[in-house]
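Listed below, chain by chain, are the residues.
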Amino acid sequence: MFALLFTASRFMQKFYASRKVFDLESSSWQPDGNSNQTRTLTYTITINNPLVGKFTSATDKQILYKESQEGQLYNVDTEVITHDVPYHDYFYTVNKYCISRTSKHKCRRLRVITDVKYRKQPWGLVKTFIERNSWSGLEDYFKQLELDLLAEETPGSQLQDSSKASSIRRRRRTHSRSHTDHLTKHSSQHDSGEAGLDTPQEISGKRKDGIRRNTIVIIVMSVFLVLLVILNITLFLKLSKIEHAAQ
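How each quantity is defined
Residues numbered from 1 in each chain as written. Predicted model: local features only at pLDDT ≥ 70, side-chain atom pairs only at ≥ 80, totals over all residues. Heavy atoms only, no water. Helix = DSSP H or I, 4+ residues; strand = E, 2+ residues; numbered from the N terminus. Buried < 20%, exposed > 50% of the residue type's maximum accessible area, 1.4 Å probe, protein only. Contact = heavy atoms within 4.5 Å. Pairing = 2+ DSSP bridges. Patch = residues over 30% accessible without salt bridge, like charges linked within 9 Å, V, L, I, M, F, W, Y side chains within 5 Å. Areas by Shrake-Rupley, 256 points an atom, 1.4 Å probe, with all protein chains shown as cover. Salt bridge = Lys/Arg side-chain N within 4 Å of Asp/Glu carboxyl O. 1 Å grid on protein atoms, 1.4 Å probe; cavity = no way out; pocket = protein on both sides within 12 Å on 5 of 7 lines; lining within 4 Å. Points joined across faces, edges and corners; volume = space filled by probe spheres on them. Nonpolar A, V, L, I, M, F, W, Y, C, P; charged D, E, K, R; others polar. UniProt positions renumbered as here; feature names shortened; annotations may be inferred.

In the nomenclature of an unreviewed UniProt entry, the protein chain corresponds to VASt domain-containing protein from the organism Staurois parvus.

Written out as structure tokens, the structure reads:
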């Protein structure tokens, strides 16, 4: 389970491709000086939200804690930051994974605890906007992950042929880094082609269009709020005059 989720496995490559994630780059696990190990993933996510745009880049920092025991227990935190969405500097998401073993080829459970964390506290309407979109995305992500893991576990599925399960596991362990990097690039290119993303220049142009749309939306919201404040002040003054006249 750890190899499926936290290495350059065929499973994760197909999972990212199905979610239209491309430009994926990942580092290898390295010691961080606190007896933990860390690695970083960067990628671009395809999204469908008129207020956000079609694409957003993301950074996923993963921490494998020193309490983990190889082949027995894994505690992994992931901190995901999205860079091209409104108020991206206010928040990030944290996912805590716990994987524990029951036998050589089984884990007792995969438990994930997730939360939205804030670097600075937003005001009410903004916080509602952030949490609604964040939780919707997280729910969709983990529902699909659960279904894909169940399919991976099921004999005869498209992802794993039961008659070849042992050889697949051995090949995953012996994949060289250059080969997995090639598969990652190939999967990213194939997925980009399916989504109609022919060139990096077009992707960059669409990102800029999305940022411009976000800026326009924020300006319109700001103007609306200013008008609302002015109307409230006017109403307050009128009520004060009525009260004074009544007295």
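Read on for the rest.
Concerning the overall build of the protein chain
A tally of helices and strands in the protein chain yields six helices and seven strands. When the helices and strands of the protein chain are listed from N to C terminus, the series reads α-α-β-β-β-β-β-β-β-α-α-α-α. Within the protein chain, buried positions represent 31% of all 247 residues. Long-range pairs, those at least 24 residues apart, make up 50% of the contacts in the protein chain between residues at least 6 apart in sequence.

Regarding the environment of Phe22
The residue Phe22 is located in strand 1 (residues 21-26) in this model. Among the residues examined, Phe22 registers a relative accessible area of 0% and is labelled buried. Separated by 35 residues in the primary sequence, Phe22 and Ser57 place their C-alpha atoms 9.5 Å from one another.

Quick word on the pairing of strand 4 (residues 53-64)
Among the twelve residues in strand 4, nine count as buried, and that is most of the element. Two strands pair when backbone bridges link them, and strand 4 and strand 5 (residues 73-82) are joined in this way by seven bridges, in the antiparallel orientation. Within strand 5, the residue paired with Asp60 across the bridge is Val80.

A few points about a nonpolar patch on the surface
On the surface, Ile219, Val223, Val226, Leu227 and Ile230 cluster together to form a nonpolar patch covering roughly 450 Å² of accessible area. Here Ile219 shows up in helix 6 (residues 200-246).

Let's talk about the layout of surface pockets
The computed volume of the second largest pocket comes to approximately 1,000 Å³. For the lining of the second largest pocket, the secondary structure elements donating two or more residues are helix 1 (2-6), helix 2 (10-18), strand 3 (37-49), strand 4, strand 5, strand 6 (91-103) and helix 3 (124-153). Grouping the amino acids of the lining of the second largest pocket by side-chain chemistry returns 21 nonpolar, 15 polar and three charged.

Examining the UniProt feature "transmembrane region" (unreviewed entry) in the protein chain
Here, the residues flagged by UniProt with the feature "transmembrane region" (unreviewed entry) are residues 216-237. Structurally, residues 216-237 comprises 100% helix and 0% strand, and the distance from its first C-alpha atom to its last is 32 Å.

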